[in-house]
Amino acid sequence: MPNLSYALQQHFGFSKFRPNQEKIIQNVLDGNDVLALMPTGGGKSLCYQLPAIIREGLTLVISPLIALMKDQVDALKLAGIPAAFYNSSLSSTEQEHISEQLTKGELKLLYLSPERLFMNDGAFLNFLKTLNINLFAIDEAHCISQWGHDFRPEYRFLDQLKTKFPKIPVLALTATADVITRKDILERLNFPDPKVFISSFNRPNIEYHVRPKQEYYEEILDYLKAHPNDSGIIYTLSRRNTEELAENLQEDGISALPYHAGLNRETRNKNQDKFLRDEVNVIVATIAFGMGIDKSNVRFVIHACLPKNIEGYYQETGRAGRDGLKSDAILFFGWGDVQKLKYFTQLEDNPEQTKILEEKLEQMIRFSTTRTCRRKYLLNYFDETAEASCNSCDICLSTHEKWDATIPSQKLLSAVVRLKEGFGMNYVIDFLHGSKSQKIRDWHKELKTYGVGKDIPKEDWKDYTRQLIDLEYLKQEGEYPTLQLTENSKKVLLGKEKVFLFKAEKPATSVSEKSKNVLELERDEALFQKLREIRKEIADQENVPAFVIFSDATLNELAVYFPQNKEDLKKISGFGDVKITKYGDVFLEVVVSYCTENQFESNMSEKPTQPKRKKRKQKISSSKKESLRLFQEGKSLEEIAEIRGFVKSTISSHLMPFVISGEIKVEALVPPEKIPLIEAAAKENPDIGLKPIKEALGDNFSYDEIRAVVNHLRK
């Protein structure tokens, strides 16, 4: 039996194993199938690299990450360990050379993607059967599960490994998998008798903070200036946000570069290398950056936008502090991001996966709005117990005062009992507040607890309800979550336990009156579903995506305010004149009929008017002016993008303010014959973005051309 500690020191220079590493390696060497959950930076790769070195034969590492393949192969080669990767970045000559090395038994590890493993109708698999394979290692194993945060259909083929290679052990590794995902991984991989190792998800050196997304750029700038020598990552949702934020930081004296999949490979690699080599302090990136990047001295990870799920957030924050030193994870939370992400959860013709994505987003929202220890929330999510206070998150470090909230809590719990645990948070709060709305059922208005909470503002009731859920005095259950009691809540109702809550705060983000009202009021779910069905029918007839007809936000307002005529429709967001003419009668018929059937009256009188917003003078950055200068010199968008290291669409966005100001004529950016066609399409769809206009016009019209004409119309 090999001396594992000696091999660890000899090949990798480490004096001791990290938690669970030695047990996992020993089980792999014993020929067992293993599922290993280890936190980001916990040393997963060593669990297959060390057995690969010790045992005769070849270890196949299956990974979706080309960047990780190259980095690990380079590191192994530097350590004198023969390894290679086999992916689309190689030339045919290079691929042939690797095949020769495999045939001769010259490699210890081969990294490849799942697609490559099953290519050519199984020809590559048949080739592998001629080799002496000792282990299959599946990295990012959560990708095989539809419950995983990064489900990839090509991973499903991996269920063939135990059938085609029954005697070869399989090691599945992931840093992020909740209980249901773990179970699914084991079932999908057909492990007959798996050994499961779960390391602690706790990263004690990371301090977690969530801040309101108000003036967040200034907060980021202040933080970076207070940590001028620290290395860190800032995550955003879109490619454009990535470039704009990096550009603004550069102008404010911060060493920052962008990274996203839309940049050409040379620029991406150059920016990544500068960050890895500490030539630049900050990388501003989409989630395309970081997978497999092993930079130990990342001191902070900032999320300028809300992540889609806890797993992604945990994985991304885990890129900070791999060296064990104190690091910060800062998230800026705003309800505007929630609305954007809810759109991305909707998968056409896949209601099951949509429901999973919605649930995972809801958990992310709960983490961001919790008033209890954030570390405890994270660890509990991954089924790990934790102390009530960690003393290293914004909640535990805060000096917010707690108060005896037993009586309001009893009122809320009593309301849930009286309503037979059958209604959601908004309805229960409206009931407590004594709302006169038609949606409060008449017999509910006769109940003893109706209106007993009218002395407390609705926003405070919402805050208290969320805290009671976090403290497990309440729970939310069902497809359309209703508030329900727990064992703990009964103690409070019987006066056997007191409840202490944080004092309610104002909402953490500025939301316009219009969108705030939609968020506060509970929509009529049955009407909303009817409206969705009508929208889909129209979309199918016109052969366009449903959101092109109306967004969910528009349907929300219809199901909240019950407009009764076309004058009412003018006050519903998304209903411009064109859409009132085209679709107004159809949607009004559904709403009016529903109100008649259920004896509901219109709530339009409760809809606040949209306050006029002051126009802010747009600041034209020096970077945009530089793009203008190059354009005025006669250079094309492609040439400017090449010179400046941006993508073409970013240069196009730089020039848009000058189209509005008149410094650039639209004819300089768009062929004259295309302009009237784009104008017509834009005027036909005044309430929607560029994508539907592009789809209406076809492939002969670019987004840059459409954007230029739209800005010309604004002028």
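See the structure printed just above.
The present account deals with the structure reproduced in this document.

Before going further, it helps to spend a moment on the overall build of the protein. Broken down by element type, the protein carries 33 helices and 17 strands. Residue burial in the protein is summarised as follows: out of 715 residues, 51% are buried. Split by element, the accessible area of the protein, about 34500 Å² in all, is 49% carbon and sulfur.

For the structure shown, the criterion picks out 19 aromatic pairs. Ring centres 6.0 Å apart and planes at 50° place the aromatic pair Phe124 and Phe127 in the tilted group. In this pair, Phe124 and Phe127 are both assigned in helix α7 (residues 123–128), three residues apart and thus about one turn of the helix distant. For Phe124, a relative accessible area of 7% corresponds to the buried category. By relative accessible area, Phe127 is classed as partly exposed at 22%. An aromatic cluster is present here, built from Phe201, Tyr314, Tyr381 and Phe382 joined pairwise through their rings. We note Lys213 situated over the ring of Tyr216; from NZ or CZ to the ring centre the distance is 4.9 Å.

For the rest of this paragraph, the subject is the packing of helix α1 (residues 4–12) against helix α3 (residues 46–54). Each pair of packed helices can be summarised by the angle the axes make with each other and by the distance between the axes. Their axes nearest at 11 Å, the elements α1 and α3 cross at an angle of 95°. By the angle between their directions, the pair α1 and α3 is classed as roughly perpendicular. On α3, the residues touching Leu4, Ala7, Leu8, His11 and Phe12 of α1 are Leu46, Gln49, Leu50, Ile53 and Ile54. In the contact of α1 with α3, the residues fall into eight nonpolar, two polar and no charged.

What follows concerns the sheet that holds strand β11 (residues 282–285). Strand pairing in a sheet relies on backbone hydrogen bonds, with the paired strands running either antiparallel or parallel. If you walk across this open sheet you meet the six strands as β8-β13-β12-β9-β11-β10, and the pairing is parallel. Each end of this open sheet is capped by a strand with a single partner; those strands are β8 (206–212) and β10 (256–259). The average undirected angle you get between the axes of adjacent strands in this sheet is 15°. Relative to strand β13 (residues 327–333), strand β12 (residues 298–303) is paired through four bridges, and the arrangement is parallel. Paired with His303 across the two strands is Leu331, which belongs to β13. Relative to the sheet, helix α11 (residues 239–251) contacts β9 (231–235), β10 and β11, its axis offset from that of β10 by approximately 170°. Against the sheet, helix α15 (residues 351–369) touches β8 and β13, its axis set at about 110° to β13.

Our focus in this paragraph is a negative patch on the surface. Together, Glu215, Glu218, Asp222, Glu251 and Asp252 make up a negatively charged patch on the protein surface. Looking at the secondary structure, you find Asp252 in the loop between α11 and β10. On the accessibility criterion, Asp252 (32% relative accessible area) is partly exposed.

Nonpolar side chains in soluble globular proteins generally cluster together in the buried interior. Counting residues in hydrophobic clusters, the biggest one holds 86 residues, and the most contacted among them are Leu117, Leu158 and Leu171. When residues of this core are assigned to their parent elements, the largest contribution, five residues, is made by strand β5 (residues 133–138). Once residues within four sequence positions are removed from consideration, Leu117 is found in contact with Ile62, Leu112, Phe124, Leu125, Leu128, Leu158 and Leu161.

Positive phi outside glycine occurs at Asn20, with the angle close to 75°. With respect to the element layout, Asn20 can be found in the loop between α1 and α2 (21–29). One non-glycine residue, Phe562, adopts positive backbone phi at about 55°. Residue placement: Phe562 occurs in the loop between α25 (552–561) and α26 (566–569). We classify Phe562 as buried; its relative accessible area is 0%.

Once that is clear, we can look at the packing of helix α28 (residues 622–632) against helix α30 (residues 648–661). At a minimum axis separation of 9 Å, α28 and α30 run at an interaxial angle of 90°. In terms of axis orientation, α28 runs roughly perpendicular to α30. Across the interface between the two elements, Ser623, Lys624, Lys625, Ser627, Leu628 and Phe631 from α28 touch Ile651, His654, Leu655, Pro657 and Phe658 from α30. Residues of the contact of α28 with α30, tallied by class, amount to six nonpolar, three polar and two charged.

Looking now at α15. Look at α15: 27 Å from first C-alpha to last across 19 residues, which is about the 27 Å you get at 1.5 Å a residue. Along α15, the residues that are buried comprise Gln353, Thr354, Ile356, Lys360, Leu361, Met364, Ile365, Phe367 and Ser368. Looking at the packing, one finds that the buried side of α15 touches β8, α13 (310–317), β13, α14 (335–344) and α16 (374–381).

Reading the values: the criteria
Residues numbered from 1 in each chain as written. Predicted model: local features only at pLDDT ≥ 70, side-chain atom pairs only at ≥ 80, totals over all residues. Heavy atoms only, no water. Helix = DSSP H or I, 4+ residues; strand = E, 2+ residues; numbered from the N terminus. Buried < 20%, exposed > 50% of the residue type's maximum accessible area, 1.4 Å probe, protein only. Areas by Shrake-Rupley, 256 points an atom, 1.4 Å probe, with all protein chains shown as cover. Phe/Tyr/Trp six-rings, centres within 6.5 Å; stacked < 30°, edge-to-face > 60°. Lys NZ or Arg CZ within 6 Å of the ring centre and 35° of its normal. Axes fitted to C-alpha atoms, helices over the stretch in contact; angles between N-to-C directions. Parallel < 35°, antiparallel > 145°, perpendicular 65-115°, else oblique. Contact = heavy atoms within 4.5 Å. Nonpolar A, V, L, I, M, F, W, Y, C, P; charged D, E, K, R; others polar. Pairing = 2+ DSSP bridges. Patch = residues over 30% accessible without salt bridge, like charges linked within 9 Å, V, L, I, M, F, W, Y side chains within 5 Å. Salt bridge = Lys/Arg side-chain N within 4 Å of Asp/Glu carboxyl O. Lys, Arg positive; Asp, Glu negative; His and termini not counted. Charge placed at Lys NZ, Arg CZ, Asp CG, Glu CD. Core = buried A, V, L, I, M, F, W, Y, C linked by side-chain atoms within 4.5 Å. Expected span 1.5 Å × (residues − 1).

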